[in-house]
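Structural characterization, general
Listed below are the residues making up each chain.
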Amino acid sequence: MSAATLLQVQNLRVSFAGKEVVCGIDFSVAAGEKLALVGESGSGKTVTALSLLGLVQGARTSGQAFFGAGHDEPQGTPSQDLLALSEHDLRGIRGRDIAMIFQEPMTALNPLFSVGEQIAEVLQLKQGLSPAQAQTAAVGLLADTGIPEPERRARAYPHQLSGGQRQRAMIAMALACQPRLLLADEPTTALDVSLRVQILELLASLQKRNGMAVLLITHDLNLVRHFADRIAVMENGLIVEQGKVADVFANPQHPYTRKLMDSEPVRDVIENPPAGDGPPVAQARELTVSYPVKLPGLKGWFKQGEFVAVKGASFSLPKGQTLGVVGESGSGKSTLALALLGLHPSKGELRLSGRSWSADTAANKALRRSVQVVFQDPFSSLSPRMTVEEIVGEGLRVHQPGLSAAQRQLRVVQALADVGMSQAQFPRLLQRYPHEFSGGQRQRLAIARALMVEPDMLVLDEPTSALDVTVQKQVLQLLQKLQRERGLSYLLITHDVAVIRAMAHQIMVMKSGEILESGPAAQVLTAPQHPYTQLLVGQLS
Amino acid sequence: MSNLTNPPEAAPGRLPPGGAPAADGLSPFRAGVGDDRGQGGGGTPERSASVSPGARAWQRFRRNRLGFGSLLLFSALVLVSLLAEVVSNDRPLVVRYESTYYFPILKDYPEKTFGGDFDTATDYLDPFIRNKLSTGSNWAVYAPNPYGPKTLNYFAKEPNPSRPTRDNWLGTDDRGRDLLAQLLYGFRVSVLFAFALTFTGVVLGVLSGAVQGYFGGKTDLAFQRFMEIWGSMPELYLLIIFSAVFAPSISLLLVLLSLFGWLGLSDYVRAEFLRNRQLDYVRAARAMGLSSWQIITRHVLPNSMTPVVTFLPFRMSAAILALTSLDFLGLGVPPGTPSLGELLSQGKNSIDAWWISLSTFVVLVTTLLLLTFMGDALRDALDPRKSQE
């Protein structure tokens, strides 16, 4: 073990109830090095990190993980095997020598204590500071992470901070004791695109200043390229390839690595589809959508306030094209989708194939058939207590009640075949329940359900952001194929510029309910006008 | 209710899982579990690849030995009590008297039929009649316990109340009625009453919870205030007042207790509906153009039944306990109806007749314990955190 090696993991195995999820991996992290552990969900990368700190519950762990003596320790301090340490000894190491930051800062912070108190607690526990000293030090740490007005923020509770600020507070807490190793588990995944780079830059600068090592766990190769020194690619609990970032990116050896590198969505759409005669599939002029909100105090008893989620949106979506709506969370893009689906009342003009939603639900039935939706989360978009046949065939029951059960089944099988799911691949497919399918397969089922009633237009609300990159590519290819074959129009909502680049004919950039920029895809992507668009597009390159 | 049992578009042979407990009128509890069995069990062996969430919960329930054993034992007890007329009856089941078959269990025969002196109904405990029925080629098949719940044995060898003897296995009460027969029939009344009360509670609770949770907003607000007012009414005093005004009867009791029995469940169902109605699959169904009623019955309700099913055994035991307490206070079933509470009250009055209170106590505790074990097992089986296994 060289002097510079901080962490040496040998033959690490982790299993849950007899099922091995990490199957004997070796890697090492040198002091001050940034190693990225890359893999898709279920590859065992998070479990690997958690097992180093003894934080996986109900798992059997074997192997060795030598955590070396650092430069500030007296010479000759022997390195310890983290996996052999008792819970008591591990507790001493957690936070002081090895710290961790999590994906979702909202759930990782305790909502009942102010951010400053939580940071100060770490300092009191680990460094024995007095409450007053700890409080001062906490403010200093928050200032280091670049939070404006750190004194005021230290008194704020987690829900009062924005997502980026919360993640900064998490980082301040993790770095409170100047750990020698930081485990960062998808630190930017829950953040908006414009914040990701900022957080990563912050991590990089703090890393340089404190000289700590970082083990970055992520599925995002872009992030790795910008941030890490070395990369280790995990697949099904094994490290299939590791090396310097530049080397691996320039010359990936393992097929899985190549597949990951190659998972950038490819543009394969008809650029100028025949518009056909008749009105555009969807057309909106000065569309405004608002939510009622409760007014504070006595006023709230008598009248309601209004939160405008979409302000004066105008667009037109011709047949066979895709309108990409980009924006971060809270920008009103999902609300726009609900209004388009007629699930939320809107003001202004909205015409779908020349017709508009009416207040009478019965009158909307025909229109419902022409616009369908695919949601982001494949786990909540299918009812867990219905079979595939019931889920996919539901639209037919409503819109073609005259069909017999056999005819309906035939149509369902056909629709499933269209999205690439067959009885040969999944025996007894029609009788299965959603829990037996993976995220990508569920998304296919959701697409089949939407296509069942032969709509003119699909609203795709972040259709791939819950999926792994390789699966995302397949689903996007499926959507492109369906558009080419059927002349479907898509309203594609996403925060991912790569997806937009692959799919959209037109782009609309939203922020805080307002449309900042819109136009043909090529124009918006190559010559963005608005600074915010420039920031978004800049993420990709 | 006819609407709930027949959703307009329900596929033949497949009700929404959650609809079934409400649809099966007689035994909500067994419907809740049996429904799960019905879903996956249609052919578990060949369909092992795909089991519904309900069937998986049922498998987890079966793996819990205490809970599953309790279910089997409880079902057996209920079955025996349903057949109480065969098990414990003061009339013989079949009589062959002078080459003619008689079925006294179904029909009253005057004493003269069997060579007696009077036109009154036969008392089969009379040694004279017994003798007649066993001489020559005559024979009679008696129930294992030859007493009904109201049978007064005029030919008893022991003074009343009699301690357990060869004739009365658990003794008799202070009027000479057989205790085993009373317990058997009393248990049946309690359980059937509990089934009925649970059923009405589930139907009302699910309906009001569904309406509040699904429509939300002003409907929810109004309903919640109504429930708060309704729930603040002093239930016990209302019962006392009503039992003074009207003639006491089981159906009156059922109505009065049902009026308040749905409040707790309603809140749970409402919370489930509030959570489920904003999930994506419900939005997708709305975008598909389903009516509110279809969405509720096909999508939201089946996914909101977990707290209802979990609650069934506990509601049953609460109902049994309520009936027993009211009977004990003399506010429950009309006098003469066999009832556990009435027996407890007798036990209290004649404290020396320890067999009355002891055996009633054992029956009551066993029943409640079995229900609690089942409830615990059911709760574990339906725990969403364990559903991934």
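So, how was this worked out
Residues numbered from 1 in each chain as written. Chains lettered and ligands numbered in written order. Predicted model: local features only at pLDDT ≥ 70, side-chain atom pairs only at ≥ 80, totals over all residues. Helix = DSSP H or I, 4+ residues; strand = E, 2+ residues; numbered from the N terminus. Rg over C-alpha atoms; globule rule 2.2 N^0.38 Å. Buried ≥ 20, exposed ≤ 12 C-beta atoms within 10 Å, placed from the backbone. Contact = placed C-beta atoms within 7 Å. Pairing = 2+ DSSP bridges. Axes fitted to C-alpha atoms, helices over the stretch in contact; angles between N-to-C directions. Nonpolar A, V, L, I, M, F, W, Y, C, P; charged D, E, K, R; others polar. Expected span 1.5 Å × (residues − 1). pLDDT = per-residue confidence, 0-100. Parallel < 35°, antiparallel > 145°, perpendicular 65-115°, else oblique. Left-handed = near helix turned anticlockwise from the far one by under 90°.

Quick look at the overall build of chain A now. In terms of helices and strands, chain A carries 20 helices and 19 strands. By the compact-globule yardstick of 24 Å for 541 residues, chain A fits well, its C-alpha radius of gyration being 26 Å. With the C-alpha coordinates aligned to their principal axes, the bounding extent of chain A is approximately 80 × 60 × 45 Å. Taking all 541 residues of chain A together, the buried fraction comes to 45%.

Let us look at the overall build of chain B. A count of helices and strands for chain B gives 17 helices and three strands. Considering only contacts in chain B between residues 6 or more positions apart, those separated by 24 or more positions represent 64%.

Our next topic: the sheet that holds strand 18 (residues 506-511) of chain A. Whenever strands of a sheet pair, they do so through backbone hydrogen bonds, lying parallel or antiparallel. All names here are of chain A. Ordered in space as 15-16-17-13-18-19, the six strands form an open sheet in which the pairing is mixed. What marks the edges here is a single partner per strand, and that holds for strand 15 (371-374) and strand 19 (514-520). Sheet twist, expressed as the average angle between the axes of neighbouring strands with direction ignored, equals 15 degrees. Note that strand 13 (residues 322-326) and strand 17 (residues 489-494) share five bridges and pair parallel. Note that in strand 17 the partner of Val325 across the bridge is Ile493. Running at roughly 150 degrees to strand 17, helix 12 (residues 333-340) makes contact with strand 13, strand 15, strand 16 (457-461), strand 17 and strand 18 of the sheet.

This brings us to helix 16 (residues 340-349) of chain B. Residues and elements named next belong to chain B. The buried fraction of helix 16 amounts to seven of the ten residues, a majority that puts the element mostly inside the structure. Turning to helix 16, its buried residues are Leu340, Gly341, Glu342, Leu343, Leu344, Gln346 and Gly347. Buried-residue contacts for helix 16 involve helix 8 (179-215), helix 15 (306-329) and helix 17 (354-381).

What follows covers the packing of helix 14 (residues 388-399) of chain A against helix 16 (residues 439-451) of chain A. Residue and element names in this part refer to chain A. Remark: helix 14 packs on helix 16, axes separated minimally by 6 Å, with the N-to-C direction vectors making an angle of 35 degrees. Residue-level contacts link Val388, Ile391, Val392, Glu394 and Gly395 of helix 14 to Leu445, Ala448 and Arg449 of helix 16. Tallied by class, residues from the contact of helix 14 with helix 16 come to five nonpolar, one polar and two charged.

Residue and element names in this part refer to chain A. Between the first and last C-alpha of helix 7 (residues 163-174) there are 17 Å, a value that for twelve residues agrees with the 16 Å anticipated at 1.5 Å per step. Counted residue by residue, helix 7 has eleven buried out of twelve residues, so it is predominantly covered. Listed as buried for helix 7 are Gly164, Gln165, Arg166, Gln167, Arg168, Ala169, Met170, Ile171, Ala172, Met173 and Ala174.

A separate point is the environment of Ala527 of chain A. Of note, Ala527 of chain A is situated in the loop between helix 19 (521-526) and helix 20 (531-540). Spatially, the C-alpha atom of Ala527 of chain A lies 31 Å from that of Lys259 of chain A, the residues being 268 residues apart in sequence.

What follows concerns the interface of chain B and chain A. Taken residue by residue, the interface counts 22 residues in chain B and 29 residues in chain A. Taken together, the elements giving at least two residues each to the side of chain B that touches chain A come down to helix 4 (53-63) and helix 13 (280-288) of chain B. Among the elements that line the side of chain B that touches chain A, the one with the most residues is helix 13 of chain B, at eight residues. Each residue belonging to the side of chain B that touches chain A can be placed in one class, and the counts come to eleven nonpolar, six polar and five charged.

Okay, the sheet that holds strand 8 (residues 213-218) of chain A next. Residue and element names in this part refer to chain A. Spatial ordering of the open sheet is given by 6-7-8-3-9-10, a layout of six strands whose pairing is mixed. The open sheet has two edge strands with one neighbour each: strand 6 (98-101) and strand 10 (238-244). Averaged over all neighbouring strand pairs, the angle between strand axes comes to 15 degrees, with direction disregarded. As paired strands, strand 9 (residues 230-235) and strand 10 are joined by six bridges and run antiparallel to one another. Looking at the pairing, Ala232 lines up with Gln242 of strand 10. Contacting strand 3 (34-38), strand 6, strand 7 (181-185), strand 8 and strand 9, helix 1 (residues 45-52) runs over the sheet at an angle of about 145 degrees to strand 8.

Here the focus is the pairing of strand 4 (residues 59-67) of chain A. All names here are of chain A. The pairing of strand 1 (residues 5-16) with strand 4 spans eight bridges and is antiparallel. What sits directly across from Leu7, in strand 4, is Phe67. Relative to strand 5 (residues 80-81), strand 4 is paired through two bridges, and the arrangement is antiparallel. Residue Phe67 lies in a different strand from strand 5, and its bridge partner there is Gln80.

Turning to the environment of Thr218 of chain A, a few remarks are in order. Residue and element names in this part refer to chain A. For Thr218, the location among the structural elements is in strand 8. On the basis of neighbour counts, which here come to 23 C-beta atoms within 10 Å, the residue Thr218 falls in the buried class. Counting along the chain gives 181 residues from Thr218 to Leu37, while the straight-line C-alpha distance between them is 6.4 Å. Residues within four places of Thr218 in sequence aside, it is in contact with Ala36, Val38, Glu186, Leu223 and Val224.

Turning to the pairing of strand 9 of chain A, a few remarks are in order. Residue and element names in this part refer to chain A. In terms of burial, strand 9 is a largely internal element, six of the six residues being buried. The two faces of strand 9 match: Arg230, Ala232 and Met234 on one face and Ile231, Val233 and Glu235 on the other face are all buried. Of the pairings in the sheet, the one linking strand 3 to strand 9 comprises four bridges and is parallel in character. Note that in strand 9 the partner of Ala36 across the bridge is Ile231. Counting the residues in the hairpin turn of strand 9 and strand 10 gives two residues, including Asn236, whose phi is positive at 50 degrees.

Residues and elements named next belong to chain B. Taken residue by residue, chain B gives an average pLDDT of 82. The fraction at 70 or more is 86%. Between the elements of chain B, mean pLDDT differs from a low of 35, seen in helix 3 (residues 28-41), to a high of 95, seen in helix 5 (residues 65-82). Across the interfaces of the predicted complex, the ipTM metric reaches 0.78, alongside a pTM of 0.77.

This part takes up the packing of helix 12 (residues 263-276) of chain B against helix 15 of chain B. Residues and elements named next belong to chain B. Running from N to C, helix 12 and helix 15 point in directions that differ by 155 degrees, and their axes come no closer than 9 Å. Accordingly, the angle class assigned to the pair helix 12 and helix 15 is roughly antiparallel. The hand of the helix 12/helix 15 crossing is right-handed. Within the contact between the two elements, helix 12 uses Leu265, Tyr268, Val269 and Glu272 and helix 15 uses Pro307, Val308 and Phe311. Residue composition of the contact of helix 12 with helix 15, by class: six nonpolar, no polar and one charged.

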